[in-house]
Structure formats: structure tokens, C-alpha cells
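# Coordinates in review
Next come the chains, spelled out residue by residue.
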Amino acid sequence: MEALKQKIREEGIVLSDQVLKVDAFLNHQIDPRLMQQVGHEFAQRFQGQGITKIVTIEASGIAPAVMAGLELGVPVIFARKFQSLTLKNDLLISKVFSFTKQTESTIAISAKHLSAADKVLVIDDFLANGHAAKALIDLIQQAGASVAGIGIVIEKSFQDGRALLEREGYRIESLARVASLADGQVTFLE
Ligand code: G4P
Ligand code: NA
Ligand code: NA
């Protein structure tokens, strides 16, 4: 998606060979017009798949997920993160290890928002090692629902997330694929 790549070139900050900071339009300040275009692009790529729900994770997945939900005309559920777990009724829970933060957290969604009849599109802001996506898929499967695909705003293609998810047969659509962050430069695939 050219407008997104352009924004990353102009306003993204390469923090290291591993981390791209996009606080100017996605992770802190949000560019609503760009997010609208992101939502439109996801809807184009996944239309006709019979998607009934979108699932994302707080906080940074919510903006692109809501815009995709608006375009596809389906509800958006965001998984909540917990540092420690107090078991409650009706919660589907999964563990996710963050490579970036070197911490494990528990994520949860209420079982009442997903059923076995749902076809779910997973949306997230970043795909790195794929742990967050895997945990979301786990929650969806616990509900007996099916995964229609995974939509990612920015994929770091030099990390293992895509390979891990493709090995399990999931369709992944990433709107910007970053091949490298070496030498302070963002290089895109294709
Ligand atoms: P993984 O889920 O793909 O395995 O990735 P990882 O554990 O590395 O990601 C942990 C958090 O860091 C996630 O946000 C993820 O979106 C974010 N992240 C990963 N790589 C980058 C990067 O290069 N740049 C930026 N800006 N973020 C990155 P989170 O902890 O869920 O936080 P939130 O922002 O959604 O609240
Ligand atoms: Na994030
Ligand atoms: Na995220």
C-alpha cells in the first residue's frame, strides 16, 4: 500500500535494526485518514470471504481494526491484556510472550462475543515474531470459530512471524512489508 509506505518513509523512525517507531501516525498519535485507507485496503483484500467479526489486541491494533470493521460492516473485538490473571467466568484466555518487551502477558476476550459460526479476520499493527497473532488465533479457536485470515499493517519480514503463520496455513495480508531496518534505513520488500 503506497500511501502507507510513503508515510513510513517520511515519519517512521528507525530505532535499531529491529525496531521501527511509528508513534507519529499509528502507535501514539493516529492519522485517521491513513487509517481509513488502511481499513479500505483490508476490506478490499478480504471481501467475499464471509467474514463476520474482526479480532485485534489492545491498544495499537484497535484503530486499523475499527476502520476495517467499518468497511466490512462487521463488529470489532479487541483482546484485553492482563499482567496477572484473575479467572472469571466466560473469559477465553491465552498467554503471549512479547519478544520486544521480554514479558509474558495474558490476553482475554469474553466468550459471549464469538461463536462457532463466526469467520474471523485477525488484524494487528505489527507482525514481528507472530506471538500476538498466535495468541489471538488461540482465542478464536477456543470459541470454535474459524480464522479467515490475518491482516497486518506493518510486517517486519526479517522476523519469523509470517513463516510461522504460513506454516499453519493462514492467509496473511500485510500492507507494508519491511525487508530491513539496517543502517537506519527502511527497505521494503517488492
Ligand atoms: P509478535 O507479537 O509479532 O511476536 O511481536 P513482539 O512480541 O515483538 O511485539 C510486542 C509488541 O511490540 C506489540 O505491541 C507489537 O505490535 C510491537 N512491535 C513489535 N515490533 C515493533 C516495531 O518494530 N515497532 C513498533 N512500534 N512496535 C513493534 P504491544 O505490546 O501489543 O503494544 P501496543 O502498542 O499494541 O499497546
Ligand atoms: Na504495538
Ligand atoms: Na500490537
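Scope of this entry: the structure provided in the associated data block.

Criteria and cut-off values
- Residues numbered from 1 in each chain as written.
- Chains lettered and ligands numbered in written order.
- Predicted model: local features only at pLDDT ≥ 70, side-chain atom pairs only at ≥ 80, totals over all residues.
- Heavy atoms only, no water.
- Pairing = 2+ DSSP bridges.
- Helix = DSSP H or I, 4+ residues; strand = E, 2+ residues; numbered from the N terminus.
- Contact = heavy atoms within 4.5 Å.
- Axes fitted to C-alpha atoms, helices over the stretch in contact; angles between N-to-C directions.
- Near = heavy atom within 4 Å.
- Polar contact = N/O pair within 3.5 Å; in protein donor to acceptor, adjacent residues only side chain to side chain.
- Areas by Shrake-Rupley, 256 points an atom, 1.4 Å probe, with all protein chains shown as cover.
- Parallel < 35°, antiparallel > 145°, perpendicular 65-115°, else oblique.
- Left-handed = near helix turned anticlockwise from the far one by under 90°.
- Donors = N, O, S within 2.8 Å, 3.2 Å for Na, K, Ca; no water.
- Buried < 20%, exposed > 50% of the residue type's maximum accessible area, 1.4 Å probe, protein only.

### Quick look at the sheet that holds strand S7 (residues 119-127)
If you trace the eight strands from one edge of the open sheet to the other, you get S5-S6-S4-S3-S7-S8-S9-S10, paired in mixed fashion. In the strand order of this sheet, the two ends are held by strand S5 (91-98) and strand S10 (187-188), each with one partner. Pairing of S7 with strand S8 (residues 146-156), which is carried by eight bridges, proceeds in the parallel orientation. When the bridges of S8 are listed, Leu 121 appears paired with Gly 149. Sitting on the sheet, helix H3 (residues 62-72) touches strand S3 (53-57), strand S4 (76-82), S7 and S8, and the angle it makes with S3 is about 175 degrees. With respect to the sheet, helix H4 (residues 131-142) is in contact with S3, S4, S5, strand S6 (103-110), S7 and S8, its orientation differing from that of S5 by roughly 165 degrees.

### As for the site of ligand 1
The local shell around ligand 1 holds 22 residues, among which Leu 20, Ser 60, Lys 81, Thr 100 and Lys 156 are the closest. In the environment of ligand 1, an oxygen atom lies 2.7 Å from a nitrogen or oxygen atom belonging to the backbone of Gly 130. Lys 156 is positioned with one of its side-chain polar atoms (N or O) 2.7 Å from a nitrogen atom of ligand 1. When ligand 1 sits alone it has 720 Å² of accessible area, and the protein chains cover 86% of it. Of all the secondary structure elements, the ones that give two or more residues to the shell around ligand 1 are S5, S7 and H4. Counting residues per element, the shell around ligand 1 draws most heavily on S7, at three residues.

### Quick word on the packing of helix H2 (residues 32-46) against H3
Orientation of H2 relative to H3, taken along the N-to-C sense of each, is 55 degrees, at an axis distance of 7 Å. In terms of axis orientation, H2 runs oblique to H3. Relative to H3, the crossing made by H2 is right-handed. Of the residues in H3, those in contact with Pro 32, Met 35, Gln 36, Val 38, Gly 39, His 40, Phe 42 and Ala 43 of H2 are Ala 63, Pro 64, Met 67, Ala 68, Glu 71 and Leu 72.

### Focus: the coordination of the sodium ion (ligand 3)
Protein coordination at the sodium ion (ligand 3) comes from Asp 124 (OD) and Asp 125 (OD), with a distance range of 2.4 to 2.8 Å. The distance between the sodium ion (ligand 3) and the sodium ion (ligand 2) comes to 3.5 Å, with Asp 125 serving as a donor to both metals. Accessibility classification places Asp 124 together with Asp 125 in one group, the buried group.

### What about the pairing of S6?
Taken across its eight residues, S6 has six buried, putting it largely inside the fold. Taken together, the three bridges between S4 and S6 define a ladder with antiparallel strand orientation. Residue pairing across strands places Arg 80 opposite Ala 108, the latter belonging to S6. Here S5 pairs with S6 via eight bridges, running antiparallel. If you follow Ile 93 over to S6, its bridge partner there is Ala 108. The loop that links S5 with its antiparallel partner S6 comprises four residues; one of these, Gln 102, has a positive phi angle of about 55 degrees.

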